[in-house]
Amino acid sequence: MSLKNLHGVHIPHRKNTAGMEALRMPPPAVVTIPMSMHIGKPANCIVKAGDHVDVGQKIGEPGGFVSSPVYASVSGTVKKVEPLLMFMGASCQAVVIESDGAMTVSPEVKPPEITDYQSFINAVRDSGVVGLGGATFPTAVKLDVKDTSRIQEIIFNGAECEGYITSDHRTMLDRAEEIAAGARLLEKWLDVKKIIIAIEDNKPDCIAKMKEVTASDEHVEVRALPAMYPQGGEKVLIYHVTGKVMPEGKLPIDVGSIVMNVTSVAALAHYCATGMPLVEKCITVDGSAIKEPKNVIAPIGTASLEVIEFAGGFKCEPKKLVMGGPMMGVAQYDLNSPVTKGTSALLAFDEKEARPAEPSACIRCGGCVDHCPMNLMPCEIERAYEKKDGAALKALKVGLCIECGSCAFQCPANRPLVQVNKLSKTMLRDYENALKEKEAKK
Ligand code: SF4
Ligand code: SF4
């Protein structure tokens, strides 16, 4: 892979809520907290129906190394533990808690004792923090590099390049001191000498604030980057900040980098200072069907509809609800889907904006190739997929696709390129598994 030019697309920013301080909603009557809100194994539920829980009490133990604990976001009574169909189509156990409205804090909530590298990593794990920009990779796994001399720099991702979403923007303004404290924690316990806070240049207020709170920290640099989608994609960000290219199948640490979302950094610092794990999330509520766009701080597990109603509700019948941004978000089939650790936006669209554009035949313009940040050839991938040609999909490196949607966004023929890429990845996996089976039989 090479990333020689600044590929990507200019999308409408529509950051309508950037200037509005986030509002904390009152506890809902019921929350539904999934055991799988992260990449990796679901947490194992440790409560049962009838149990009383308080805010910050652990209700799910990590199910493996790549996993994350889950905590109660309200105080009240566990009504049931039942399977829940998640917005990505997979099912997991979920704890349904009826709130008592008191938001009593659990006695378990106390600042962790951190004395060395391992106790810091343990604290990161106990914080329940994952990639809060939407990637949801457990932060403890990311930081558990063992040999800290491998870390050349940590990049704080404040790009927030998707349209509408301003929850990281508000975190950088409203929780700036926590981000600065997070930087100090990483410097101290991981011996990091270089932290770069990368922010798109369409957020001058965040750039100024981050510079102000880190002015006395010689290890921190605040870097303005051109506002270009998908600037916040991990591989794209590493390249644009450091010039390093991540080889196929490798992790950021393999090139000496770690990328952390700014809200993840703030949540980690908050846990280390107070002992309160991740139990709430700042969510941008916006879109053409929303009456009053807002940023709402909601307990994890709150039904999407309740968050939207707290923000002011719909101004017309919503035809599409998207969890996440317009480019990479996932359309919901149920208005009551609970908000999770990875939810940064709830976007509701009216009929006009929700209607998918009619695709026509590819005109071989090459625009999708020109704009792909990973230098892939989406039009060729589509042809290989249609021919069910696994070998060609492998050669075209579809596995590198970050599903950013830049190709489809600018395609004049409205080809469904991202959907095809997702299906092509599955086809490639099947092809490779079949090859392995064939080899094993020889
Ligand atoms: S092929 Fe993948 S990485 Fe490239 S623009 Fe399309 S969605 Fe993004
Ligand atoms: S941008 Fe669309 S029309 Fe142009 S080559 Fe790619 S798939 Fe074909």
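Residues numbered from 1 in each chain as written. Chains lettered and ligands numbered in written order. Predicted model: local features only at pLDDT ≥ 70, side-chain atom pairs only at ≥ 80, totals over all residues. Heavy atoms only, no water.

Trainee: Can you explain the site of ligand 1? Please cite residues and give values.
Mentor: Taken together, C372, P373, M374, P378, C401, I402, E403, C404, G405, S406, C407 and N421 make up the full set of residues near ligand 1. Most atoms of ligand 1, that is more than half of them, are within 2 Å of grid points of the second largest cavity. Residue classes in the shell around ligand 1 are distributed as 8 nonpolar, 3 polar and 1 charged. (Near = heavy atom within 4 Å. 1 Å grid on protein atoms, 1.4 Å probe; cavity = no way out; pocket = protein on both sides within 12 Å on 5 of 7 lines; lining within 4 Å. Sits in = over half its atoms within 2 Å of the grid points. Nonpolar A, V, L, I, M, F, W, Y, C, P; charged D, E, K, R; others polar.)

Trainee: Could you give an account of the pattern of salt bridges, naming the residues involved and the relevant values?
Mentor: One pass over the structure, following the stated rule, counts 23 salt bridges. With a shortest N-O distance of 3.4 Å, R150 and D254 are connected by a salt bridge. Of this pair, R150 sits in the loop between α2 (139-143) and β9 (153-158) while D254 sits in the loop between α6 (234-242) and β12 (257-261), placing them 104 residues apart in sequence. Across the pair K294 and E292 runs a salt bridge whose closest N-O atoms are separated by 2.7 Å. Classification of E292 as partly exposed rests on a relative accessible area of 37%. The structure contains a network of salt bridges with shared partners spanning R364, E380 and R383. (Salt bridge = Lys/Arg side-chain N within 4 Å of Asp/Glu carboxyl O. Helix = DSSP H or I, 4+ residues; strand = E, 2+ residues; numbered from the N terminus. Buried < 20%, exposed > 50% of the residue type's maximum accessible area, 1.4 Å probe, protein only.)

Trainee: Now, about the site of ligand 2: what can you tell me, with residues and values included?
Mentor: By nearness alone, 13 residues border ligand 2, and C362, C365, G366, C368 and C411 come closest of all. Cavity membership is defined here by more than half of the atoms lying within 2 Å of grid points; on that basis ligand 2 lies in the largest cavity. Of the residues belonging to the shell around ligand 2, the class tally is 9 nonpolar, 2 polar and 2 charged.

Trainee: Account for the environment of E306, with residues named and values stated.
Mentor: The topology assignment puts E306 in helix α8 (residues 304-311). Along the sequence, E306 and P28 sit 278 residues apart, while their C-alpha atoms lie 7.6 Å from each other. The residues touching E306, leaving out its near neighbours within four places in the chain, are M25, P28, A29 and V30. (Contact = heavy atoms within 4.5 Å.)

Trainee: Please provide a residue-by-residue account of the nonpolar core, values included.
Mentor: Considering soluble globular proteins, one finds that nonpolar side chains tend to be buried as a cluster. Formed by 41 residues in total, the largest nonpolar core has its most connected members in F120, L143, I154, F156 and L190. In terms of residues, this core owes the most to one element, helix α4 (residues 176-190), which gives 8 residues. (Core = buried A, V, L, I, M, F, W, Y, C linked by side-chain atoms within 4.5 Å.)

Trainee: So what's going on with the domain arrangement of the chain? Which residues, and what values?
Mentor: A common way to express how large an interface is: the accessible area buried when the components associate. Split by domain assignment, the chain resolves into domain 1 (117-274) and domain 2 (367-441). Counting residues at the interface gives 5 residues for domain 1, matched by 7 residues for domain 2. Contact with domain 2 buries surface across domain 1, with Y229, K235 and E248 losing the most and accounting together for 69% of the total. Across the contact surface, domain 1 and domain 2 share 1 salt bridge. K397 is paired through a salt bridge with E248; the nearest N and O atoms lie 3.0 Å apart. At the boundary of domain 1 with domain 2, the tally comes to 2 residue pairs in polar contact (both at pLDDT 80 or more). Across the side of domain 1 that touches domain 2, the residue classes tally to 3 nonpolar, no polar and 2 charged. (Domains from an automatic or database assignment. Buried area = accessible area lost by both parts, 1.4 Å probe. Polar contact = N/O pair within 3.5 Å; in protein donor to acceptor, adjacent residues only side chain to side chain.)

Trainee: Provide a residue-level description of empty space enclosed by the protein, including the pertinent values.
Mentor: What the rule picks out here adds up to 5 cavities of 30 Å³ or more. Considered as a void within the structure, the largest cavity measures approximately 100 Å³ in volume. Lining the largest cavity are 15 residues, with C362, C365, C368, C379 and C411 positioned closest to its centre. At the level of elements, α10 (367-371) and α11 (378-386) are the ones that each hand at least two residues to the lining of the largest cavity. Residue composition of the lining of the largest cavity, by class: 9 nonpolar, 3 polar and 3 charged. By volume, the second largest cavity amounts to about 80 Å³. (Points joined across faces, edges and corners; volume = space filled by probe spheres on them.)

Trainee: Please set out the sheet that holds strand β16 (residues 330-331) residue by residue, giving values where relevant.
Mentor: In spatial order, the strands read β1-β14-β13-β17-β15-β16; together these 6 strands make up an open sheet with mixed pairing. Of all strands in the sheet, those with a lone pairing partner are β1 (23-24) and β16, marking the two edges. Pairing of strand β13 (residues 280-286) with strand β14 (residues 294-299), which is carried by 6 bridges, proceeds in the antiparallel orientation. Within the sheet, the bridge partner assigned to C282 lies in β14 and is I297. (Pairing = 2+ DSSP bridges.)

Trainee: Go over the side chain of T171 with me, naming the residues and quoting the values.
Mentor: On the secondary structure map, T171 appears in helix α3 (residues 167-174). Judged by relative accessible area, which is 4%, T171 ranks as buried. When residues no more than four places from it in sequence are discounted, the contact partners of T171 are A176, I179, V262, T263 and A266.

Trainee: Describe the layout of surface pockets, and please don't skip the residues or the numbers.
Mentor: Roughly 520 Å³ of internal volume is contained in the second largest pocket. Lining the second largest pocket are 26 residues, with R24, R175, E280, K281 and I297 sitting closest to its centre. Looking at the lining of the second largest pocket, the elements that each hand over two or more residues are α3, α7 (262-274), β13 and β14. Class assignment for the residues of the lining of the second largest pocket results in 14 nonpolar, 4 polar and 8 charged.

Trainee: I'd like to hear about the packing of helix α1 (residues 117-127) against α4, residue by residue, with values.
Mentor: Two packed helices can be described by the angle between their axes and the distance between those axes. With their axes 9 Å apart at the nearest point, α1 and α4 run at an angle of 140° to one another. Our classification of the angle between α1 and α4 gives oblique. Contacts between α1 and α4 pair Y117, F120 and I121 from the former with L185, L186, W189 and L190 from the latter. Looking at the contact of α1 with α4, its residues break down into 7 nonpolar, no polar and no charged. (Axes fitted to C-alpha atoms, helices over the stretch in contact; angles between N-to-C directions. Parallel < 35°, antiparallel > 145°, perpendicular 65-115°, else oblique.)

Trainee: So what about the pairing of strand β5 (residues 58-61)? Which residues, and what values?
Mentor: Bridge count for strand β3 (residues 44-45) against β5 is 2 bridges, and the pairing is antiparallel. Bridged to C45 within β5 is G60. In this structure, β5 lies alongside strand β6 (residues 70-71), joined through 2 bridges in antiparallel fashion. Considered in β6, the bridge of K58 is made with Y71.

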